[in-house]
Amino acid sequence: MTGPLAPTPTLELLRAAAELCGPTAQRLFAVLAKDYPASLERRPGQLLRAAGASAADLDGLLAAAGVASTDDLRRLAAREAGQRLAEPDLRFTSREPRSEPRERSALRRMITAEQDNLRRTLADLQANGSLEVAAAALLRARRRWVLGDLKSAGYASLLTSDLTSSMRDVFLVQPATGAAVNAVSDAHADDALVVFSFRNYSRLTVDVAREFHALGASVIALTDSYTSPVCSFASHVLAVDTRSESPHHSPTAVAAAAHVLAALAAAGAKGAARRSRRRAELFRSLGSYGLGHPASDAAPATLGGVGGDPGLTGTAAGNPDT
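Residues numbered from 1 in each chain as written. Predicted model: local features only at pLDDT ≥ 70, side-chain atom pairs only at ≥ 80, totals over all residues. Heavy atoms only, no water.

Q: I would appreciate a short explanation of helix 4 (residues 55–64) in the present structure.
A: Since there are 3.6 residues in each turn of an α-helix, residues three or four apart along the chain are aligned in direction. Within the sequence span of helix 4, burial applies to Leu58, Leu61 and Leu62. The buried residues of helix 4 occupy an angular sector of 95° when projected down its axis, which confines them to one face. Away from the buried face of helix 4 by more than 90 degrees, exposed residues Ala56, Asp59 and Ala63 are located. Looking at the buried residues of helix 4, the elements they touch are helix 1 (9–21), helix 2 (23–34), helix 3 (44–51) and helix 5 (70–81). (Buried < 20%, exposed > 50% of the residue type's maximum accessible area, 1.4 Å probe, protein only. Helix = DSSP H or I, 4+ residues; strand = E, 2+ residues; numbered from the N terminus. Arc of directions from axis to C-beta. Contact = heavy atoms within 4.5 Å.)

Q: Any chance you could explain the side chain of His249 here in plain terms?
A: Along the chain, His249 falls in the loop between strand 7 (236–239) and helix 11 (252–268). Residue classification places His249 among the buried residues on the basis of a relative accessible area of 16%. Non-local contacts of His249, meaning those with residues more than four positions away in its chain, are made with Lys151, Tyr155, Phe198, Arg199, Thr242 and Ser244.

Q: Explain the pairing of strand 3 (residues 144–148) to me, please; I cannot follow it from the model alone.
A: Each regular strand displays side chains that alternate between the two surfaces of the sheet. Burial of strand 3 is extensive: five of the five residues sit out of reach of the surface. Residues Arg144, Val146 and Gly148 of strand 3 are buried on one face, and the alternating residues Trp145 and Leu147, pointing to the opposite face, are buried as well. Where strand 3 meets strand 4 (residues 170–173), four bridges bridge the pair, whose relative direction is parallel. In the strand pairing of strand 4, Leu147 is matched with Val173. Running through helix 8 (residues 152–164), the crossover from strand 3 to the neighbouring parallel element strand 4 is right-handed. Two elements, strand 3 and strand 5 (residues 192–197), share five bridges in a ladder whose sense is parallel. For Leu147, the partnering residue across the bridge sits in strand 5 and is Val195. (Pairing = 2+ DSSP bridges. Right-handed = clockwise from strand over helix to strand, strands pointing away.)

Q: In this structure, what is going on with the packing of helix 1 against helix 5? I would like to understand it.
A: Contact pair helix 1 / helix 5: the axes reach a minimum separation of 9 Å and the direction vectors enclose 135°. Classified by the angle between their axes, helix 1 and helix 5 sit oblique to one another. Side by side, helix 1 and helix 5 meet where Pro9, Thr10 and Leu14 of the first sit next to Leu73, Leu76 and Glu80 of the second. When its residues are assigned to classes, the contact of helix 1 with helix 5 shows four nonpolar, one polar and one charged. (Axes fitted to C-alpha atoms, helices over the stretch in contact; angles between N-to-C directions. Parallel < 35°, antiparallel > 145°, perpendicular 65-115°, else oblique. Nonpolar A, V, L, I, M, F, W, Y, C, P; charged D, E, K, R; others polar.)

Printed below as a string of structure tokens:
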């Protein structure tokens, strides 16, 4: 650890910024100045807890001082001190019962793994053209159905919301037997089904994909492997890297791939921009947005109309053929 320094230009900038930003920023400055620059060898989270502050408070203090981040602040301090400051110890303690007692894992390693997942997945999907052909299948479809079970239900909801903002006839199939039966009963060979299927694979998702495949509909599967059970019934497979340092599969690349798929489909949809603007206007006029800037996405249309907005999507919730 290094010893404290006499006041430096950067420290004085932080002091002046803290005076402008108020009491919480002043507490943050006091924590930083106590053994500056050695204080910068602590994790940002440790500094926040010591000052009783939030990340927004720290960002505000740094912005007011003209510093981009704590990493930049550490580099400035090291340059002024003429010495090298150690990077913060990013270790944390895992309490996962299946792990070794008090196993130590690196936060930096987890973040790097997520970044690698995202980079590999998007690069592979771009290289093999699967995103483009899947988006084209969505555009050609008469109706679009989206299904995800277990943890994947969240991905399905996000994708449905994105698709609904630019397309008509988008239906979120709730992960229940009754809703699945209704969807298969109403489905047509010209429809498309998007399914999310990751370990441990949902039997319901695979069964619904099989039924849509039997009808002749396009099945687009976002899954973790070309050998996953749903691939047998998929017209288009978007393979997503879900490796994780945690016991659970990583959602990072899944959400990104689904978002890019929706964006590509929207780019080719006639009147997508006009529809999005019109929806935003209607939501504002209906008082749906009361705080901040209005968003363009809406609640997805669900099978049977629950939580949907049939008046805005141009479909009848109880009768998708309308």
